[in-house]
Structure formats: C-alpha cells, structure tokens
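Read off the chains here:
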Amino acid sequence: MDLATLIGLVGGAVIIGMAIILGASPGVFMNAPSVLIVVLGSLSVVLAKFSFRQYFGALKAAGRAFKFKLPDTQDLIEELVDIANVARKQGVLNLEGREASSEYLQQGIQYLVDGQGADTIRELLNKERVLTMDRNRFGAKVFRALADVAPAMGMIGTIVGLVQMLSNMEDPKSIGPAMAVALLTTLYGAMIATMIANPIADKLELRLTEEARMQSLISDALVAIQNGQNPRVIEQLLSSYLPPAKRDTAESGA
C-alpha cells in the first residue's frame, strides 16, 4: 500500500470536512442536483472521450496509485548480476524454471533460455515495454480528462442554478435552493479535480515512469548477458540506474 497516496487523499478530505463541520452544518453542503450535474455529468462526458475498455480500464489502473510495488533497484541489480553469473558459469539453460521478481524479467529469462539473439531480445522487451506504457498511460489520461471536465461541469451547474434563481425571483423560498445548486456545483467540480482526479493522474504517470525505468534496466541487463559480457561489467553498467549516493556505495562494495 502506498501510504503517501492514501494519507494525502484522506488527509485532504478530512481537512475540508473539519472546516465544513466547524463552520456550518454538513447538511448544507449536500445537494442532490449538484451531485447529478457534476459527478454523473462529468463521468458521462469523460466516457464520450474514450472507449468502454479504456474508460473502465482506468478504474482498474487507479488501484496502482494506492497499491503498486516495484523491486528495489539495488535488489534488482543484485538479482540480475546473479543471473549473469549463472549464465556465464553454468550456461543459460540452467536458468530454466528460475523464479524472477517480476513478470517482465521472467519473460526475458525465457527469451534467454529459448536462445533468442541479443537484438531479438531487446526488440521483444522494448515492444512489451511500449505496450505496457500505452495501457497504463490511458488510465492517467482518463483521470486527467476528469480533472478538466469536472470544473467545467461545475460552471454549467452554476449557470443552471443562477437561471433557476433569476427565473423565480418573485418566490423568495426558491432563491436559496437555486443558489445552493449554483455554488455547490462549483465546489464539487473543484474538489473532484483538485483532490481526486489530478492526484491520481499524477501518481499513475509517476508509476508509469518508474516501471519503464525498471524495464529498461532489465532489458539492458539481459541483452548484456546474451552478449556474454562479464557479470562485473554488467554490474557497473546497471549501477548507472542508481542514485549517485547509492551508486558510490555499490561500487565501493563491489
């Protein structure tokens, strides 16, 4: 579980909730017409921008913002160096059935065992990386679209509320509910965009970058193994993926 995402989203909601409770009755901020216009209206407009598969796939991808774990870079490098040692001393066929820390690495090991050439391995792994990035990128795009649409739907709701209010000025009782719709739709739109859609889209893009970096590291290592490079050389090659401080520590340890 990514506590940063969970604490950030829940913390923002709690702060807004506390401000509402301390300032007035929470019931004042609940309005069914505003929810219909902003929430259901925004979801419907976003659906029009994407296919059903991309739209509902984004809901599944949103889980990656809360629960997503990649192998530690240092641990992954050590695993790849160990694979290089086995391949160099015992042959790549001894990697058959070896369990890997990721499905992407498992697939790459199978390419080695199958005797694929270095260029073929790089091409196959790069293709898989691009396809994975495309699938994950649509999740971020859907939430980014929701962040754009929700405030606009809030403005539409504001206009609807103002029209209702101005058309019934002779009835004082109708002014309050109409003004509530006008103001709350703007609030709902801003909250959806700022507190939900944009943070999830940003986190999904971060996950996308992290996963692509990990896959690039694996691809470089497996191609080097297939080319028969020395495990020590491979370790030095992969150390460039580490932050400078950890890179210096890893090199001194080696």
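A.B. asks: I keep staring at the overall build of the chain and nothing clicks. Help me out?
C.D. replies: Within the chain, the regular secondary structure consists of 9 helices and 0 strands. Element order for the chain, N to C, with α for helix and β for strand: α-α-α-α-α-α-α-α-α. Dimensions of the chain along its principal axes, counting C-alpha atoms only, are 90 × 35 × 25 Å. Across the 254 residues that make up the chain, the buried fraction comes to 37%. Considering only contacts in the chain between residues 6 or more positions apart, those separated by 24 or more positions represent 76%. Counting only carbon and sulfur atoms, one obtains 62% of the accessible surface of the chain, whose full area is about 14,200 Å². Taking the 23 positively charged and 25 negatively charged side chains of the chain as two groups, their mean positions are separated by 2 Å.

A.B. asks: Looking at this model, I keep getting lost on the environment of Thr-158. Mind explaining?
C.D. replies: Residue placement: Thr-158 occurs in helix α6 (residues 118-167). Spatially, the C-alpha atom of Thr-158 lies 6.0 Å from that of Thr-185, the residues being 27 residues apart in sequence. If near-sequence neighbours (up to four positions away) are discounted, Thr-158 is found in contact with Ala-182, Thr-185 and Thr-186.

A.B. asks: I would appreciate a short explanation of the packing of helix α1 (residues 3-23) against helix α7 (residues 172-226) in the present structure.
C.D. replies: Helix-helix packing is characterised by the crossing angle of the two axes and by the distance between the axes. Axis separation between α1 and α7 bottoms out at 11 Å; the angle between their running directions is 175 degrees. Here α7 runs roughly antiparallel to α1, going by the angle between their axes. Taking contact as the criterion, the partners of Ala-4, Thr-5, Leu-9, Gly-12, Ala-13 and Ile-16 in α1 are, on α7, Met-191, Met-195, Pro-199, Ile-200 and Lys-203. Its residues assigned to classes, the contact of α1 with α7 shows 8 nonpolar, 2 polar and 1 charged.

A.B. asks: Where do I start with the side chain of Ser-34 in this structure?
C.D. replies: Following the sequence through the fold, Ser-34 ends up in helix α2 (residues 32-49). Sequence-distant contacts of Ser-34, that is, excluding residues within four places in its chain, are made with Val-39, Ala-180, Val-181, Leu-184, Thr-185 and Tyr-188.

A.B. asks: What should I look at first to understand the packing of aromatic side chains in this one?
C.D. replies: Each pair of aromatic rings is reported with the distance of its centres and the angle of its planes. A complete count under the given rule lists 2 aromatic pairs for this structure. Ring centres 6.2 Å apart and planes at 5 degrees place the aromatic pair Phe-52 and Phe-56 in the stacked group. Here Phe-52 pairs with Phe-56, and both are found in helix α3 (residues 52-61), just 4 residues apart, close to one helical turn. Given a relative accessible area of 57%, Phe-52 falls into the exposed group. A network of ring pairs unites the aromatic residues Phe-52, Tyr-55 and Phe-56 as a single cluster.

A.B. asks: Looking at this structure, how should I read α1?
C.D. replies: Along an α-helix, residues three or four positions apart point the same way, because every turn accommodates 3.6 residues. Between its terminal C-alpha atoms α1 stretches 29 Å, which fits the 30 Å expected from 21 residues at 1.5 Å a residue. All buried positions along α1 are accounted for by Thr-5, Leu-9 and Ile-20. Projected down its long axis, α1 carries its buried residues within an arc of 20 degrees, all on one side. Turned more than 90 degrees away from the buried face of α1, the exposed residues are Leu-3, Ala-4, Ile-7, Ile-15, Ile-21 and Leu-22. Tucked into the core, α1 has its buried residues touching α7.

A.B. asks: I'm lost on a nonpolar patch on the surface in this one. Help?
C.D. replies: Together, Leu-3, Leu-6, Ile-7, Val-10, Val-14, Met-18 and Leu-22 give the surface a local cluster of nonpolar side chains, amounting to about 690 Å² of exposed area. For Val-10, a relative accessible area of 43% corresponds to the partly exposed category.

A.B. asks: Just to check I follow, could you spell out the pattern of salt bridges for this structure?
C.D. replies: Pairs can form between side chains of opposite charge once their charged atoms are near each other. One pass over the structure, following the stated rule, counts 6 salt bridges. The residue Arg-98 makes a salt bridge to Asp-82 at a minimum N-O spacing of 2.5 Å. Taken together, the residues Arg-98 in the loop between α4 (73-90) and α5 (103-113) and Asp-82 in helix α4 connect sequence positions 16 residues apart. Using a relative accessible area of 35% as the deciding quantity, one classes Asp-82 as partly exposed. One salt bridge connects Arg-144 with Asp-202, and the closest N-O pair in it is separated by 2.7 Å. Of the two residues, Arg-144 is situated in helix α6 and Asp-202 in helix α7; the sequence distance between them amounts to 58 residues. Judged by relative accessible area, which is 24%, Arg-144 ranks as partly exposed.

A.B. asks: Whenever I open this one, the nonpolar core confuses me. Can you help?
C.D. replies: Soluble globular proteins: nonpolar side chains tend toward being buried together. Formed by 30 residues in total, the largest nonpolar core has its most connected members in Leu-80, Leu-95, Leu-105, Ile-218, Leu-222, Ile-225 and Leu-238. Looking at this core, the elements with two or more residues in it are α4, α5, α6, α7 and α8 (231-238). Dropping the residues within four chain positions of it, Leu-95 is found in contact with Ile-83, Val-86, Ala-87, Ile-109, Leu-112 and Val-113. Residues Val-38, Ala-65, Phe-143 and Ile-192 belong to the second largest nonpolar core, which totals 27 residues.

Definitions and cut-offs
- Residues numbered from 1 in each chain as written.
- Predicted model: local features only at pLDDT ≥ 70, side-chain atom pairs only at ≥ 80, totals over all residues.
- Heavy atoms only, no water.
- Helix = DSSP H or I, 4+ residues; strand = E, 2+ residues; numbered from the N terminus.
- Buried < 20%, exposed > 50% of the residue type's maximum accessible area, 1.4 Å probe, protein only.
- Contact = heavy atoms within 4.5 Å.
- Areas by Shrake-Rupley, 256 points an atom, 1.4 Å probe, with all protein chains shown as cover.
- Lys, Arg positive; Asp, Glu negative; His and termini not counted.
- Charge placed at Lys NZ, Arg CZ, Asp CG, Glu CD.
- Axes fitted to C-alpha atoms, helices over the stretch in contact; angles between N-to-C directions.
- Parallel < 35°, antiparallel > 145°, perpendicular 65-115°, else oblique.
- Nonpolar A, V, L, I, M, F, W, Y, C, P; charged D, E, K, R; others polar.
- Phe/Tyr/Trp six-rings, centres within 6.5 Å; stacked < 30°, edge-to-face > 60°.
- Expected span 1.5 Å × (residues − 1).
- Arc of directions from axis to C-beta.
- Patch = residues over 30% accessible without salt bridge, like charges linked within 9 Å, V, L, I, M, F, W, Y side chains within 5 Å.
- Salt bridge = Lys/Arg side-chain N within 4 Å of Asp/Glu carboxyl O.
- Core = buried A, V, L, I, M, F, W, Y, C linked by side-chain atoms within 4.5 Å.

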